[in-house]
Amino acid sequence: MDFLQQVFSGIALGCIYALIALGFVLIYKATETVNFAQGELMMLGAFAGLALVKFAGLPFWIAVLVALVGITAFGALVERLVIRPVLGQPQFTVVMLTIGLGYVVRGLITMVPVIGSETSAFDPPYKGMVWKVGGLILSYEQGTVIAVTIVLCCAFYMLFKHTKVGIGMQAASQNQLAAHYMGIPVKRLNGLVWGLSAGAAGLAGLLLAPFTFVHVNMGYIGLKAFPAAVIGGFGSLPGAVVGGLAIGVVESLSGYYLPEGFKDVAAYVLVLAMLMVKPNGLFGTATRKKV
Amino acid sequence: MRNQGVRWLVALGFAALPLCGFADQGVTKNEILIGTIQDLSGPLAAYSKETLNGMNMRLEEVNAAGGVNGRKIRLLVEDSGYDTKKAMLAAQKLSQSDKIFAVAGSMGTTIALTTQQVFQDAGVVNLFPLGSARGLYEPPEMKFAFSVPYFQQGRGIVKSLLATKADRKWCSLVQDDDLGTELMAGVDSAMKQAGKTVSERTTYKRAATDFSSQVARLKGAGCDTVILGTTLRETVGTLNEAKKIGFAPQFVATSAAYTHLLPKLGGAVTEGIYASHSATQPYADEGSKAARDWYAAYMAKFKEEPGQFAVMGYAVMDWTIKAAEKTGPNLTTKRFIETMESSSFPRDKLGFDTMTFTKTKHIGSEAIRVSQLKNGKWTPVTDFITP
């Protein structure tokens, strides 16, 4: 029973990692760069929700929706204003830009009066409620995280398999130039990808808020999502989800069964093991660039 | 060759001579310059804001009453952003360019530890940093401290718990950095004396978000007393997890969690938790009349509730002023230190223990008391306990 309880907790935590990892992978697939501000976008989503409830007095669910739309728009805007101007520069440029962006976002949030430098509670209406199934205990907060992750994954699956936009994105991620010649609006799609990725991160932030509260450094959890993306194979969406879940469960179980301290290194040990056994990740494909 | 080396050393020694000793700067006919290094732009900005409120409140009181022996106090604030490199520059600026008389109430243990040598070299007195470490008052040089290190807090907590019930299943959940290490060293030393041991030890990394496995372990071990070396968020996170799985031991935290923000952030789950501390949290309708009046004055001035840092900022400035007053009109660094080393500040309205300094003891008091959260308010359950 203890084992199952730990697995459950691990899955819920893993879902958060998975949502952030999804954002990493989306952007990586589309633009072949890594967005190191993913954690900050997550933090921004949580702050947006909090501000809407606290200052605008919106009900919880409406605030969550508005925050999600807002953060998605913000992601697309960042792509247009920050990333697109350096298109064609070495990947390193974009990486540095996103790291800088993270700093700027954290700095700006600290300047927001009242909530910026504080830790605030952002409690959903179902706060503190639990399901008891047999001897297992699952909180509503954890249940919501798991349910939302499943729904989002299905939505992404539908988008990429069955819509024109999604197929266009797939094409662009395989070969931007060829996609462009085929009449696919690659630039606009990149903006959309950034928006979606920011939206996923913002959602993770809103879901994480009941556990860890809203504060300016909450984005550091992105450091755990990165190994999740690596384990799954950096270019694979299902991989990101599986990777996130794997890290969540391994962390939870190692915290319970292994000696003290292993919980904190478990995620990285898993990544090292994965890189030795299967360097391309669980779902990654070995691709070679033709020069 | 060797000869030349020695000569160089001697020359260097002479060059360094003027750097040692007392600077006797920062005191003019009408003014005393006090410096402070705060975090105005980093993770502790909220604490620094409160601290400065408290310091300024006391400073304005004394200046309005004519100052210290006719001299007004001027406070110079430098920003460290909680970054040791920036703090070093700030310390150099304050001591060498602004030429302050003393530095008081600097924010953060690491910041205070890194910058203290700069002030020592410049002959500037280092007063009451907002940080807890033995290095901030030992060896007893030109530095004085008030904040009780976690080692002593750990000893005090064990002592107070043993007094109420000796037979316990002791466990711990601490942050795996200085906070946890120091605290557990204190806990272990007191436990050893009492012939007891901690049965289950768990830790977490700073900024951890999930405590399910740690709390499950504590529950599995059948703990009835859990010592928490946790800060604000992690305390609430732990209590939430414990409530979820129906685990209800006696939780005892340290001054790192003793704040009026804890019940605000955690709500009902925080009810009943214990914590060690030195100053008492002021409330509008609790405690002595002097404490309530102070609370009202602070609220009227800053339009927000005073927390622990406001209390500490106020006290730091208060002790500084009292020592300067006692030194008399002829205020020099040497005389000020002599005064400090023979001073005792009695228990005040803010609930600090009597702060006594001597030539060999530069921490005011090592005693802590334990409070419990009842109806969302910290209520003292013990008097001061010397660990």
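Residues numbered from 1 in each chain as written. Chains lettered and ligands numbered in written order. Predicted model: local features only at pLDDT ≥ 70, side-chain atom pairs only at ≥ 80, totals over all residues.

Peer 1: Can you help me understand the sheet that holds strand S4 (residues 125–127) of chain B in this one?
Peer 2: Pairing between the strands of a sheet comes from backbone hydrogen bonds, and it takes one of two forms, parallel or antiparallel. Residues and elements named next belong to chain B. The 5 strands are arranged S2-S1-S3-S4-S5 in an open sheet whose pairing can be described as parallel. At either end of the open sheet lies a strand with only one pairing partner, and these are strand S2 (72–79) and strand S5 (143–144). Relative to strand S3 (residues 102–104), strand S1 (residues 31–38) runs parallel, the two sharing 2 bridges. Within S3, the residue paired with Ile 34 across the bridge is Ala 102. (Pairing = 2+ DSSP bridges. Helix = DSSP H or I, 4+ residues; strand = E, 2+ residues; numbered from the N terminus.)

Peer 1: Help me understand the packing of helix H1 (residues 2–31) of chain A against helix H2 (residues 38–54) of chain A in this model?
Peer 2: When two helices pack together, their arrangement is given by the angle between the helix axes and the distance between those axes. Residue and element names in this part refer to chain A. Put simply, H1 and H2 touch, their axes get as near as 10 Å, and they point 125° apart. Classified by the angle their axes make, H1 and H2 are oblique. For the element pair H1 and H2, the recorded crossing hand is right-handed. Listed contacts from H2 to Ile 20, Gly 23 and Phe 24 of H1 are Gln 38, Gly 39 and Met 42. Class assignment of the residues belonging to the contact of H1 with H2 gives a composition of 3 nonpolar, 3 polar and no charged. (Axes fitted to C-alpha atoms, helices over the stretch in contact; angles between N-to-C directions. Parallel < 35°, antiparallel > 145°, perpendicular 65-115°, else oblique. Left-handed = near helix turned anticlockwise from the far one by under 90°. Contact = placed C-beta atoms within 7 Å. Nonpolar A, V, L, I, M, F, W, Y, C, P; charged D, E, K, R; others polar.)

Peer 1: When you look at the environment of Thr51(B) in this model, what are you seeing that I'm missing?
Peer 2: Residue and element names in this part refer to chain B. Assignment of secondary structure puts Thr 51 in helix H2 (residues 45–64). Put simply, Thr 51 and Phe 309 are 258 residues apart on the chain and 4.9 Å apart in space, counted from C-alpha to C-alpha. The contacts of Thr 51, once residues within four sequence positions are left out, are Gln 38, Gly 105, Met 107, Leu 130, Phe 309, Met 312 and Gly 313.

Peer 1: Explanation requested: the nonpolar core in the structure shown.
Peer 2: For soluble globular proteins, nonpolar side chains are generally found buried alongside one another. Counting 129 residues, the largest nonpolar core has Ile16(A), Ala21(A) and Ala46(A) as the members making the most contacts within it. With 18 residues, H1(A) is the largest single contributor of residues to this core. Core analysis: the second largest hydrophobic core is formed by 68 residues, Val27(B), Phe101(B), Ala102(B) and Phe357(B) among them. (Core = buried A, V, L, I, M, F, W, Y, C linked by C-beta atoms within 7 Å. Buried ≥ 20, exposed ≤ 12 C-beta atoms within 10 Å, placed from the backbone.)

Peer 1: Whenever I open this one, the interface of chain B and chain A confuses me. Can you help?
Peer 2: By a frequent convention, interface size equals the accessible area lost on bringing the separate parts together. Across the contact, 23 residues belong to chain B and 27 residues belong to chain A. When residues of the side of chain B that touches chain A are traced back to their parent elements, those giving at least two are H2, strand S7 (200–204), helix H7 (212–220) and helix H8 (232–244) of chain B. Per element, the largest residue contribution to the side of chain B that touches chain A is 6 residues, and it comes from H7(B).

Peer 1: In this structure, what is going on with the sheet that holds strand S8 (residues 225–229) of chain B? I would like to understand it.
Peer 2: All names here are of chain B. Ordered in space as S7-S6-S8-S9-S10-S13-S14, the 7 strands form an open sheet in which the pairing is mixed. What marks the edges here is a single partner per strand, and that holds for S7 and strand S14 (377–380). The sheet shows a mean angle of 25° between the axes of neighbouring strands, taken without regard to direction. Strand direction decides the pairing type here: strand S6 (residues 170–175) and S7, joined by 5 bridges, are parallel. Note on S7: the bridge partner recorded for Val 174 is Thr 203. On the sheet, helix H6 (residues 178–194) packs against S6, S7 and S8 and is oriented at approximately 160° with respect to S6.

Peer 1: What is the right way to read the domain arrangement of chain B from this model?
Peer 2: Taken as a whole, chain B is organised into domain 1 (18–148 + 291–356) and domain 2 (150–277 + 370–380). Computed over C-alpha atoms, the centres of domain 1 of chain B and domain 2 of chain B are 31 Å apart. (Domains from an automatic or database assignment.)

Peer 1: Just to check I follow, could you spell out the environment of Thr333(B) for this structure?
Peer 2: In this structure, Thr333(B) sits in helix H12 (residues 333–340). Sequence spacing of Thr333(B) and Val27(B) is 306 residues, and the spatial spacing of their C-alpha atoms is 9.5 Å.

Peer 1: Looking at this structure, I do not really get unusual backbone geometry. What am I missing?
Peer 2: Peptide bonds are mostly trans, and most non-glycine residues show a negative phi. Of note, the bond from Glu138(B) into Pro139(B) is cis; its omega dihedral lies within 30 degrees of zero at -10°. Along the chain, the position of Pro139(B) falls in the loop between S4 and S5. In this model, Phe213(A) sits at a positive phi of 70°, which is unusual for a non-glycine residue. Relative to the helices and strands, Phe213(A) is located in the loop between helix H8 (186–212) and helix H9 (222–232). Owing to 23 C-beta atoms within 10 Å, Phe213(A) belongs among the buried residues under this scheme. A positive phi angle is found at Tyr82(B), which is not glycine, with a value near 55°. Tracing the sequence through the fold places Tyr82(B) in the loop between S2 and helix H3 (84–97). Taking the C-beta count within 10 Å as the criterion, Tyr82(B) has 22 such neighbours and is therefore assigned buried.

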